[in-house]
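# Structural overview
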Amino acid sequence: MDAQVQASVKHLLQEWMTRRQQALLEQVMVAWSEAASHLTPDDALLEALRAAMPVPAPPPVPEAIPARAEALEAALDRLEDAGTQGEVLKQLLEGLHPFAARSAVFVIKQGIATLFSLRGFDGTAPRTPVVPPSDLEALLHGRLRVLQEDSAAYPALLGALAAAPARQALVLPLRLRRKVVALLLADGGEADLLAGSAPVRALALAAEAKLSHLAGAKEEERTPAPEVHPSSLTQRIPEPIAEAAPALDPKVRQNAERSARVLVGDIELYFPAKVAQGQQQGNLYAALRDELDRSRASFVERYGGDLESQHQIFYNTVVHQLCGGDPSRLGPAPWAASTHP
């Protein structure tokens, strides 16, 4: 048999095999479809499954929790009724009880934190002074609003209480006339009970407001009212009313304040030794005369001398960031003379 005949026979056999395989596949698919139609569960199977499955237990009834809104309102009322600054701090710790497992107040004197009172911690905690680490310094100088458990400040303050750290913690400043006078530490303790930062910060702000109110009332008591003689009323010449500074466009103010923070922040970053020296001596301008004058000149060049003289944006930023809110620590700066009559 020659090659041509062999090829023809091979082709015929391959076509026959292909047709048979296709016919067999179709038969298998038909049989599979018919069998699958019988797999639908009937009523008897569903009933048997329901009988075999256990009845789910009802969800547990949550335990009653204190009404936090009412607890917060009551704590705010007690702060408002406090008659002394020490009582304010104690009522602050008492009011935090529903929102934090442990809390403590540290008083700041000459940059050192000393324990004032505590709640939830061991009552025999040592009153060891705490030298602020870098992030706590930033909090004291107003560059941060709040610190959490991952900051170096939390274990530093906790070391004075001889307590184990908690998974959640907050460290907040308490200010008086824009100066940090105390620190509030609140954490969840071993039970991890810290009801977020909102109620803690609300109570801290309320305590700040009450401290300022009491300080103002005390100053009014110390300052005697001037005596007025009837004969002198007709001789008084009314002083001219100073014109208020023109309103500043909010966008311009925002940009100017941001620029001032950057300029002052650069001084902190690049001249830390001079900043520390000026803060220790209470005369920052003497230690940073060239740097402060140069930064202020850059600010005035960009925003104009009238804006700075009327709104004191650069000056206020220096006082806030470098002087801890105390203008006297700046010392006699010529461009700040208008702020010290």
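Relevant structure appears above.
The model shown is predicted, which means the values in this text are computed figures rather than measured ones.

How each quantity is defined
Residues numbered from 1 in each chain as written. Predicted model: local features only at pLDDT ≥ 70, side-chain atom pairs only at ≥ 80, totals over all residues. Heavy atoms only, no water. Axes fitted to C-alpha atoms, helices over the stretch in contact; angles between N-to-C directions. Helix = DSSP H or I, 4+ residues; strand = E, 2+ residues; numbered from the N terminus. Parallel < 35°, antiparallel > 145°, perpendicular 65-115°, else oblique. Left-handed = near helix turned anticlockwise from the far one by under 90°. Contact = heavy atoms within 4.5 Å. Nonpolar A, V, L, I, M, F, W, Y, C, P; charged D, E, K, R; others polar. Expected span 1.5 Å × (residues − 1). Buried < 20%, exposed > 50% of the residue type's maximum accessible area, 1.4 Å probe, protein only. Arc of directions from axis to C-beta.

What follows deals with the packing of helix H12 (residues 289-303) against helix H14 (residues 313-322). Relative orientation of the contacting elements H12 and H14 amounts to 140 degrees, with a least axis distance of 10 Å. Considering the angle they form, H12 stands oblique to H14. The handedness of the crossing between H12 and H14 is right-handed. Of the residues in H14, those touching H12 at Leu292, Ser295, Arg296 and Phe299 are Ile313, Phe314, Val318 and Leu322. Of the residues belonging to the contact of H12 with H14, the class tally is six nonpolar, one polar and one charged.

So, about the packing of helix H3 (residues 68-81) against helix H4 (residues 85-95). Packed helix pairs are characterised by how far apart their axes lie and by the angle those axes make with each other. Closest axis-to-axis distance for the H3/H4 pair is 9 Å, and the angle between their directions is 175 degrees. Taken together, the axis directions place H3 and H4 in an arrangement best described as roughly antiparallel. For the pair H3 and H4, the contacting residues are Ala75, Arg78 and Leu79 in the first and Val88, Gln91, Leu92, Glu94 and Gly95 in the second. Split by residue class, the contact of H3 with H4 holds four nonpolar, two polar and two charged.

Okay, H3 next. Counted at 1.5 Å a residue, the expected span for H3 with its 14 residues is 20 Å, and the 20 Å between its end C-alpha atoms agrees. Within H3 the residues assigned to the buried category are Ala71, Ala75 and Leu79. One face of H3 carries all of its buried residues, which in axial projection span an arc of 75 degrees. For H3, the exposed residues set more than 90 degrees away from the buried face come down to Ala69, Glu70, Glu73, Glu80 and Asp81.

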